[in-house]
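Listed below, chain by chain, are the residues.
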Amino acid sequence: MADSGYELEPFELERFFAKWEFEAEHLLCCSDCEPVTMASLIQNADEECLKLWNDLALGYTMSNGSDELRREVASSLYENLKEDELNIVVPEEGIYLSMLALLKKGDHVVVTYPGYQSLYAVAKSLGCVVHYWKPRIDGASGRCAFFVEDVVSVVEANPVKVVVVNFPHNPTGKTLTRAQHADLVSACERKGCHLFSDEMYRLLEYDEGSRLASAVDCYDKAVVLCGVSKSLSCPGLRIGWIASKDKSFLARLAELKDYTTICPSGPSEILALMAVRQRDRIVTKNLETIKANISALKEFCAGHAGKVAWDPPQAGSIAFPRLLTGEPVEAFCEGLARERSTLLLPASVYGCEEFTKDGRFRFGLGRENISEGLRRLGDALQDTG
């Protein structure tokens, strides 16, 4: 199934959050983990970071990011990446500019779907033909999973220019096995297309042994998006990066960035450097929270059987359970926000009909103190009769 168009559409997820995120008292659908405080980053910073922080002048910064941050990211998070193969960006900016650099009207793109809207909407706005790689829903269990043969068949049958993936996946919480990931990379290699890999939730695997290799360590035409917003609990810094070994792509990305942010925020870069160096402490705490919330939500779903169904996530800070009451999931979530000041994200914001009809809603696993929100959600389910 393909789609094409020429207009950059409203970002439905972000419009939903703009309406409710700062109105609702209890946010049960956040994709990030419990944010760290600036004080904790500085308290745990090493001497080099503290000197950079104390000596910082608030001038313009290097357009591709500071040497210190790029060097730390390349050496600590990747197997075979050089610091000049990175550009420090705002994460959303990284998606937007990468699509502009890689695509033109008429190009074929395959993208994991449902997903973060800009991963496919920018391509649609450029007049690309967009093919959706959707997880299959098992008719018996109601659980969903991605099958790599589905994307391989599309790549082999079409003149695909870019394959866009996001694992661990937002919003389903699903991922691939290492063998499936290798098959995906091989399909891109055979076609000679770029592989854009959104790895914002990397490091949040429940079992480190299941962590996929970064695409940039596997394939010379990979473009990787990552950052400090999700696994490192610093979304307010607005710091991410694009990593690639494709020099011509990186050069074009740098040219396009002159029309957006031009350069990163100096204070944010230093705080991000602190977070990357403190990743073991931050990620360990986040995984403890996620696992505790998975246990709580699984128990909650069992206690409300017949009204909500659990679909276990495999990695990341998000789950995608099912509402079984028969009420449209968007109406239920709107009512929950309006009447009980508790926020869930309905599948309708992703524009994916199958998952909207299936009653899916996004549940965030990375935040602390969800018990009161769960209680209010339980009361709302009880009131459905």
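Everything below is about the structure shown above.
For clarity, every value in this text was computed on a predicted model and none was experimentally measured.

**As for the packing of helix H12 (residues 329-340) against helix H14 (residues 371-383)**
Relative orientation of the contacting elements H12 and H14 amounts to 120°, with a least axis distance of 11 Å. Taken as axis vectors, H12 and H14 run oblique relative to one another. Regarding H12 and H14, the two cross each other, and that crossing is right-handed. Contacts from Phe-332, Leu-336 and Arg-340 in H12 reach Arg-376, Leu-377, Asp-379, Ala-380, Leu-381 and Asp-383 in H14. Partitioning the contact of H12 with H14 into residue classes produces five nonpolar, no polar and four charged.

**Description of the sheet that holds strand S17 (residues 361-364)**
As summarised here, the arrangement of the three strands in space is S13-S17-S16, forming an open sheet in which the pairing is antiparallel. Both edges of this open sheet fall to strand S13 (318-319) and strand S16 (345-346), since each of them pairs with a single strand only.

**Looking at the packing of helix H7 (residues 148-157) against helix H8 (residues 178-191)**
Direction vectors running N to C along H7 and H8 enclose 0°, while the axes themselves pass 10 Å from each other. In terms of their interaxial angle, H7 and H8 are classed as roughly parallel. Contacts from Val-148, Val-151, Val-152, Val-155 and Glu-156 of H7 reach H8 at Gln-180, Asp-183, Leu-184, Ala-187, Arg-190 and Lys-191. Classifying every residue of the contact of H7 with H8 gives six nonpolar, one polar and four charged.

**Remarks on the layout of surface pockets**
Empty space within the largest pocket amounts to approximately 580 Å³. Lining the largest pocket are 24 residues; nearest its centre among them are Glu-14, Ser-31, Tyr-116, Lys-230 and Arg-238. Elements with a contribution of two residues or more to the lining of the largest pocket: helix H1 (12-20) and helix H5 (91-102). Here the second largest pocket is characterised by a volume of approximately 440 Å³. Ser-76, Leu-203, Glu-208, Arg-211 and Arg-279 are, among the 21 residues lining the second largest pocket, the residues nearest its centre. Mapped by element, the contributors of at least two residues to the lining of the second largest pocket are helix H4 (67-77) and helix H11 (279-303). Sort the elements by how many residues they give to the lining of the second largest pocket and H11 lands first, with six residues. Here the lining of the second largest pocket is built from residues that sort into eight nonpolar, four polar and nine charged.

**Some details on the pattern of salt bridges**
This model, assessed by the stated rule, comprises 31 salt bridges. The partner of Glu-83 in a salt bridge is Arg-71, and the shortest N-O contact between them spans 3.3 Å. Here Glu-83, found in the loop between H4 and strand S3 (86-89), pairs with Arg-71, found in helix H4; they are twelve residues apart in sequence, far enough to count as distant. Note that Arg-211 is salt-bridged to Glu-208, the shortest N-O span being 3.9 Å. When its relative accessible area of 17% is taken as the criterion, Arg-211 is described as buried.

**A look at the pairing of S3**
Side chains Leu-86 and Ile-88 of S3 all project onto a buried face; the interleaved residues Asn-87 and Val-89 project onto the opposite face, where all are buried too. In the sheet, S3 pairs with strand S11 (residues 240-244) via four bridges, with the strands oriented antiparallel. Each bridged residue has a counterpart across the sheet, and for Leu-86 the counterpart in S11 is Ala-243.

**Describing empty space enclosed by the protein**
One pass over the structure, following the stated rule, counts two cavities of 30 Å³ or more. There is about 110 Å³ of room inside the largest cavity. What lines the largest cavity is a set of 15 residues, among which Phe-167, Pro-168, Glu-199, Leu-212 and Ala-213 lie closest to the centre. Looking at side-chain class alone, the lining of the largest cavity contains six nonpolar, five polar and four charged residues. What lines the second largest cavity is simply Leu-77, Tyr-78, Arg-202, Leu-203, Cys-226, Gly-227, Ser-231, Leu-232 and Trp-241. Looking at the lining of the second largest cavity residue by residue, the classes come out as six nonpolar, two polar and one charged.

**Digging into unusual backbone geometry**
With an omega of 5°, the peptide bond running from Tyr-113 to Pro-114 counts as cis. Inspection of the secondary structure assignment puts Pro-114 in the loop between strand S4 (108-112) and helix H6 (118-125). For the bond running from Asn-170 to Pro-171, omega is 20°, close enough to zero to count as cis. The topology assignment puts Pro-171 in the loop between strand S8 (160-166) and H8. At Ser-233, a residue that is not glycine, the phi angle is positive and equals roughly 60°. Within the secondary structure layout, Ser-233 lies in the loop between strand S10 (222-227) and S11. Even without being a glycine, Arg-238 presents a positive backbone phi close to 55°. With respect to the secondary-structure elements, Arg-238 resides in the loop between S10 and S11.

About the cut-offs
- Residues numbered from 1 in each chain as written.
- Predicted model: local features only at pLDDT ≥ 70, side-chain atom pairs only at ≥ 80, totals over all residues.
- Heavy atoms only, no water.
- Axes fitted to C-alpha atoms, helices over the stretch in contact; angles between N-to-C directions.
- Helix = DSSP H or I, 4+ residues; strand = E, 2+ residues; numbered from the N terminus.
- Parallel < 35°, antiparallel > 145°, perpendicular 65-115°, else oblique.
- Left-handed = near helix turned anticlockwise from the far one by under 90°.
- Contact = heavy atoms within 4.5 Å.
- Nonpolar A, V, L, I, M, F, W, Y, C, P; charged D, E, K, R; others polar.
- Pairing = 2+ DSSP bridges.
- 1 Å grid on protein atoms, 1.4 Å probe; cavity = no way out; pocket = protein on both sides within 12 Å on 5 of 7 lines; lining within 4 Å.
- Points joined across faces, edges and corners; volume = space filled by probe spheres on them.
- Salt bridge = Lys/Arg side-chain N within 4 Å of Asp/Glu carboxyl O.
- Buried < 20%, exposed > 50% of the residue type's maximum accessible area, 1.4 Å probe, protein only.

Note that every value here comes from positions in space, so none of it alone points to a role or purpose.
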